[in-house]
Structure formats: C-alpha cells, structure tokens
Amino acid sequence: TPNLLIVESSAPSSVMLQQIDELASNCEEGVQVMVIGATNDVALYRQLVSRGVSEYLVPPIEPVQMVRSISNLFTDPDSPFVGKSISVVGAKGGVGASTIAHNLAWSLAENARVNTSLVDLDLSFGTTSLDFNHETPQTVADALLAPDRADDTVISRLLAKATDRLSLFTAPANISRIMDIDAAAYTTVIEGVRRLMPYVVLDMPHGWSEWIYSTLMKSDEVIVVCQPDLASLRNGKNIIDQLKSQRPNDNPPRLVINMAGVPKRPEIPVKDFAAAIELEPEIILPFDPQLFGNASNKGQMISETDPDSKSAQAIDQLASMLSGRETVQPTKSLLKKLLGK
C-alpha cells in the first residue's frame, strides 16, 4: 500500500463506515487514509478517527486546504521550530506600509499576545526606532553584513526588547553608506529570526529587487498596502498577480487599503478598486491624520493612543486573522492612567 490513500464517498454514514472497515483489511499498518465525504458530521468524524482515518474533509475543498491537510499528516515532530513570516509591502511609496507593519506587530504581540519580532528591512530610511521611540546600538545591518556569524545566539542578542512579547530588529536609517547586501544574507537572517519567534513581521521597503522578490515568495503571508488611487491599483495588481501565479499553493496575498477618504482627493471607490485588482480588502483604514500624527509624535502605536478608534480595531482584526487568536486590548492600571501612559 502507498503512504497515503485519499478516498471519496457520498454514501450514508453507516455504509461509509462499512466501506472503511473493508478498506482497512487491505491496508498495511501505518498507511495514512484521508476521507472526503458529503456530510459535515462530528459523530461520523469521531468514528472514522477511531478506525484509524487520519483526516476527514467535506467539499468544497480549496487546493491549498488539501495541500495543508496532506502536509500536516507528514509533519516531522522532531523538525526545527520555524515561526510564521508576514511580509508587509507598499504598492507605492507613501502608502503607510511601515505604519501598518509596526502597528500589526504591536497588535500581534500585545493584543493577540503572541511573541513577535518586527524586522525593519528598509536599511536606509527605516522608521522602526522612531515609531517605537527605541534607539538600539545594533541594527539588522549588523547581522546582514556578517550572515555567516548570524547564528541563533547572535540574532537573539541583537534583537531589542520593546515589550515582554515584542522584539525589534531596527534599521540603521543611515545614507552615509550604501550597503550592497547579497540576497542570500536576507534569507539567512530572516530564517534565524523565525527560529526564535512564533511570528515575524517583515517591514519591506518599497522597491523591486532579487531579495525583495525572494523574500515575498518565501513568506507565509504577504500583505499589500494600497491607497485608493490609480498608481496603487496598477502596482498593487502587478504585485498581487505575480504572487498569485508564482505561489499557487500558498495563501493568496492580503490587500489592505489605507488612508481612505482623504478630503477633496479624487479616489477610486473601494468596490471598484477591489473589482479591478481582483481581491477584496481585508481591512480598510480611514484617513485620520490626527490619530496617526499623535501616535507618531509620542512614539506610540495607535492601539496605545486610541484603542477604540476604527483604525486600531481594524489592525486588531487583521492580527486576529493572521494569528487565529482573539485580540484583547490591555487594560491600563490607575497609575498609568494618571501618568498618561
């Protein structure tokens, strides 16, 4: 018998169980059996599992779901831990991709309560240290310039703790030196961080190069940030179409529309934007310069500045989608309220 058998049956539960018993008499021990049935029945599922069936699926089944189910059957429990990588990239400059990345990392860590690392890969102009009011003597460039020495111990030492659950890999944000870094170095460093953290948010620079393309291709999730304008539509569609065609068995890219509703600015309606780009937005963040300006000036995230705002709730919703965990806004102590922190 092969390592895996996939059986589809539209028979009633009692007949299906009889068929499975007959099949079992012809299978060697250790074969994985996946059953595709017509009824979403918990009792049937339990009876199938008790007979040794590894997985039970009910149509309609997406190809990605099938691939994941098969992969889970053959996961090596002794394989090294690898965290989930989430790349955030802007369809054009100035759409707020870094702001989304930073607030998403915060929400994952503080509101979804999972250990997260934010890696700022915009080496020349990254704003992580400014947005978190957290200057660090070492940056991600220290690891990228010496990837052969960037083992788990070194990367752990270079990561700066912003909170108990959030670690930062800031960018040098220095244009006095042009750093020509090999694409393989990025892979080495990112994989090193993934071995240490369950969630890794990659703040990608706006551009297109070998290492950016490679990083997006290898990411578990890709978030494309757009504004509702023509340039974002064209560039965003190019990026999304490329990722869809080259990653047919991976999660499709996720669309985020930022700064919607700028006064007196002609915009493409969200419905038309989504239809043209052929992807529904996961979240839509309204134009709110006062909220984001106040947060930036204080070195805070919007969830800290105004947790009840539409933007903060939208970011929490995205974090919940990505982590599968419910987000909970942390409550402030009376002392922190009095101090305004």
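Since the model is a prediction, treat every value here as computed from it, not as a measurement.

Participant: Tell me about the pairing of strand β9 (residues 221-226), residues and numbers included.
Facilitator: Counting buried positions along β9 gives six out of six residues, so the element sits mostly inside the fold. Judged by which residues are buried, β9 turns out to be covered on both faces: Glu-221, Ile-223 and Val-225 on one side and Val-222, Val-224 and Cys-226 on the other are all buried. Here strand β4 (residues 84-90) pairs with β9 via five bridges, running parallel. Paired with Val-88 across the two strands is Ile-223, which belongs to β9. Here β9 runs beside strand β10 (residues 254-260); their pairing, made up of four bridges, is parallel.

Participant: Tell me about the nonpolar core, residues and numbers included.
Facilitator: Counting residues in each nonpolar core, the largest one holds 40 residues, and the members touching the most others are Leu-121 and Phe-169. Broken down by element, this core gets its largest block of residues, six residues, from helix α8 (residues 183-194). Excluding its chain neighbours within four sequence positions, the residues that come into contact with Phe-169 are Leu-118, Val-119, Asp-120, Thr-139, Val-140, Ala-143, Ile-155, Leu-158, Leu-159, Val-189 and Val-193.

Participant: How would you summarise the pattern of salt bridges if you had to cite specific residues and measurements?
Facilitator: The full count for this structure, using the stated rule, is eleven salt bridges. For Asp-21, the salt bridge goes to Arg-51, with nearest N and O atoms at 2.9 Å. Here Arg-51 lies in the loop between α2 (42-50) and β3 (55-57) and Asp-21 lies in helix α1 (residues 13-24), a separation of 30 residues in the sequence. Arg-51 gets classed as partly exposed once you look at its relative accessible area, which sits at 35%. With a closest N to O distance of 3.0 Å, Arg-194 and Asp-220 form a salt bridge. Of the two residues, Arg-194 sits in helix α8 while Asp-220 sits in the loop between α9 (210-218) and β9, which places them 26 residues apart along the sequence. In this structure, a network of salt bridges that share partners links the residues Lys-84, Glu-221, Arg-254 and Glu-282.

Participant: With reference to specific residues and values, describe the environment of Val-89.
Facilitator: When you line up the elements, Val-89 lands in strand β4. According to the relative accessible area criterion, Val-89 is buried, its value standing at 2%. Taking the C-alpha atoms as reference, Val-89 lies 6.8 Å from Pro-205; in sequence the two are 116 residues apart. Excluding anything up to four places from it in sequence, Val-89 contacts Ala-97, Met-204, Pro-205, Leu-216, Val-222, Ile-223, Val-224 and Val-225.

Participant: Now, about the packing of aromatic side chains: what can you tell me, with residues and values included?
Facilitator: Here the structure, examined in full by the defined rule, presents two aromatic pairs. Ring centres 3.8 Å apart and planes at 0 degrees place the aromatic pair Tyr-186 and Trp-211 in the stacked group. With Tyr-186 in helix α8 and Trp-211 in helix α9, this pair connects stretches of sequence that are 25 residues apart. For Tyr-186, a relative accessible area of 5% puts it in the buried group.

Participant: Tell me about the side chain of Thr-163, residues and numbers included.
Facilitator: Note that Thr-163 resides in the loop between β6 (160-161) and β7 (166-169). Take Thr-163: its relative accessible area is 17%, and that puts it in the buried class.

Participant: Outline the sheet that holds β10, supporting the account with residue identities and numerical values.
Facilitator: Taken together, eight strands build an open sheet; the order of strands is β6-β7-β5-β8-β4-β9-β10-β11 and the sheet is mixed. With partners counted over all chains shown, the strands left at the sheet margins are β6 and β11 (281-286), one partner each. As paired elements, β4 and strand β8 (residues 199-203) share five bridges and run parallel to each other. In the sheet register, Ile-86 faces β8, and the bridge partner there is Val-201. Sheet strands touched by helix α10 (residues 230-246): β4 and β9. Its angle to β9, the strand with the most contacts, is close to 165 degrees. In the packing of helix α14 (residues 310-323) onto the sheet, contacts are made with β4, β8, β9, β10 and β11, and the angle to β11 comes to roughly 160 degrees.

Participant: I'd like a rundown of the sheet that holds strand β1 (residues 4-8), residues and numbers included.
Facilitator: Ordered in space as β1-β2-β3, the three strands form an open sheet in which the pairing is parallel. Strand pairing shows two members of the sheet lacking a second neighbour, β1 and β3, which therefore form its edges. This sheet shows a mean twist of 15 degrees between the axes of neighbouring strands, independent of strand direction. Relative to β3, strand β2 (residues 32-36) runs parallel, the two being bridged by three bridges. Paired with Ile-36 across the strands is Leu-57, a residue of β3.

What counts, and at which threshold
Residues numbered from 1 in each chain as written. Predicted model: local features only at pLDDT ≥ 70, side-chain atom pairs only at ≥ 80, totals over all residues. Heavy atoms only, no water. Buried < 20%, exposed > 50% of the residue type's maximum accessible area, 1.4 Å probe, protein only. Helix = DSSP H or I, 4+ residues; strand = E, 2+ residues; numbered from the N terminus. Pairing = 2+ DSSP bridges. Core = buried A, V, L, I, M, F, W, Y, C linked by side-chain atoms within 4.5 Å. Contact = heavy atoms within 4.5 Å. Salt bridge = Lys/Arg side-chain N within 4 Å of Asp/Glu carboxyl O. Phe/Tyr/Trp six-rings, centres within 6.5 Å; stacked < 30°, edge-to-face > 60°. Axes fitted to C-alpha atoms, helices over the stretch in contact; angles between N-to-C directions.

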